[in-house]
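# Understanding the architecture of this molecule
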Amino acid sequence: MKKVMVIFGTRPEAIKMCPVIYELRKRSEIETIVCVTGQHKEMLNQVLDIFKIVPKYNLSIMQDKQDLFDISITILQRLREILIQENPDVVLVHGDTSTTFITALACYYLKIKVGHVEAGLRTYDLYSPFPEEFNRQGVGIIAKYHFAPTDEARQNLLKEGKDENDIFVTGNTVIDALKYTVIDNFTHPEIEWVGDSRMVLLTAHRRENISSLQKIFKGIRRVLDEFEDVKLIYPVHLNPVIREIAREEFGDCNRIHIIDPLDVVTFHNFMAKAYLILTDSGGIQEEAPSLGKPVLVMRDTTERPEGVKAGTLKLIGTQENKIYESFKNLLSDETEYIAMAKSINPYGDGVASKRIVDIICNR
Ligand code: UD1
Ligand code: UDP
């Protein structure tokens, strides 16, 4: 019996790892142990509740306004005893958060094999996104198995000299997750509030964007003031710094609703109903092409070039004027809108989790 431990800590890791856990649990030759660091609390629990996953361990590390030192030190300390006690054959981590990197580091110290799900994404700019670019490169050095979502990600790993026998192109497990979430005839009071208006969905949370957030929001607000047929819904990340700026900039606009983070089923269905999406999120850049929703990405770089090539994503940076112009253009220019609103899925066929688990079983 092979012992596989799945360790994650934030909302996006949970959304993309729950389908892998479902698949692991189907295999009789595998003992699956789920451990969460609790880097996120409410936002993580929302996902665990939806997928009905009860972790064996929860390190409960989250603190209000935690910094990178708080997260790193606490995870490393609390994970040590658990890893020694469980001594798994493989630990699976996901993506690029501090939970991901610190877990891989702990495994390295204990000489435990690491499988990296969503491996090989790169901007090659260590400060954009920060600290995610370092985290995924760091995990890439440690990992034994690299589960790359696309061939482009595989090429990055090959360029870095990883052994081709340890790299597997599997698709992205987020597409597996979408199979569980998007439903017909979805309705919600916020969707009813939007009515016949065009619905814009906004998310913004990146650490390196927080100092520009006020300008970003001002650019968006100027457009809302000009387009009376547009309503914007902003499910705000629970980071108190972000919530305060959002309230300041948007609080008095009656065509903007600032709401709490949505559970993933509701959020995916909001995406499916949206006219367009404004975001700095990574995961949303992968989901939107499948749903045929134009996305203006409020970042200077992306490690998800597949969606840009597919035409669904456009990088618009973080400057107020550029955001104002790009957002306004997309609302006004129907030809550009139609060109972006194509449903193309560069991230696989929805069976990435099965491929990952097959590989683990056969190794
Ligand atoms: C983290 C990841 C980022 C990922 C994002 C997904 C790192 C360094 N950052 O960033 O890569 O894109 O998650 O959302 O790993 N909070 C709550 N409740 C929650 C979650 C957060 O109150 O359920 C608040 C806390 O005050 C916390 C703060 O948000 O201190 C920031 O959370 P943190 O995990 O440090 O950073 P994120 O910006 O969420
Ligand atoms: N998401 C969600 N509820 C929300 C906002 C986002 O479930 O209110 C989902 C979204 O569909 C995507 C993931 O959360 O799957 C993205 O997470 P986030 O933006 O926090 O992190 P990133 O992907 O940037 O690391």
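Residues numbered from 1 in each chain as written. Chains lettered and ligands numbered in written order. Predicted model: local features only at pLDDT ≥ 70, side-chain atom pairs only at ≥ 80, totals over all residues. Heavy atoms only, no water.

So, about helix α4 (residues 98-109). Between its terminal C-alpha atoms α4 stretches 16 Å, which fits the 16 Å expected from 12 residues at 1.5 Å a residue. With respect to burial, α4 is a largely interior element, 10 of its 12 residues being buried. Residues Ser-98, Thr-99, Thr-100, Phe-101, Ile-102, Thr-103, Ala-104, Leu-105, Ala-106 and Cys-107 constitute the buried set of α4. On its buried side, α4 packs onto β1 (2-8), α1 (11-25), α3 (68-86), β4 (90-94), β5 (113-117) and α5 (132-142). (Helix = DSSP H or I, 4+ residues; strand = E, 2+ residues; numbered from the N terminus. Expected span 1.5 Å × (residues − 1). Buried < 20%, exposed > 50% of the residue type's maximum accessible area, 1.4 Å probe, protein only. Contact = heavy atoms within 4.5 Å.)

A few words on unusual backbone geometry. Among all residues except glycine, the phi angle is most often negative; among peptide bonds, the trans geometry is most common. A cis amide bond links Ser-128 with the next residue in sequence, Pro-129, at an omega value of -5°. You can see Pro-129 is positioned in the loop between β5 and α5. The omega torsion of the bond from Phe-130 to Pro-131 falls at 5°, within 30 degrees of zero and hence cis. Secondary-structure assignment places Pro-131 in the loop between β5 and α5. One non-glycine residue, Asn-87, lies in the positive phi region at around 40°.

Two cysteines, two sulfur atoms, one covalent bond between them: this is a disulfide. Counted by the stated rule, this structure contains zero disulfides. Its sulfur unpaired, Cys-107 is 10.0 Å from the next cysteine sulfur, which belongs to Cys-35. Overall, the relative accessible area of 0% leaves Cys-107 in the buried class. The structure places no disulfide on Cys-361, whose sulfur is separated from the nearest cysteine sulfur, that of Cys-18, by 19 Å. Take Cys-361: its relative accessible area is 21%, and that puts it in the partly exposed class. (Disulfide = S-S within 2.5 Å.)

Right, let's talk about the site of ligand 1 for a bit. As a structural note, the neighbourhood of ligand 1 is formed by 25 residues, with His-40, Ser-98, Glu-132, Arg-207 and His-237 the closest of them. In this structure, His-40 approaches ligand 1 through a side-chain N or O atom, which is 2.7 Å from an oxygen atom. One of the backbone N or O atoms of Met-43 is found 2.9 Å from an oxygen atom in ligand 1. For the shell around ligand 1, the secondary structure elements donating two or more residues are α2 (42-51) and α3. (Near = heavy atom within 4 Å. Polar contact = N/O pair within 3.5 Å; in protein donor to acceptor, adjacent residues only side chain to side chain.)

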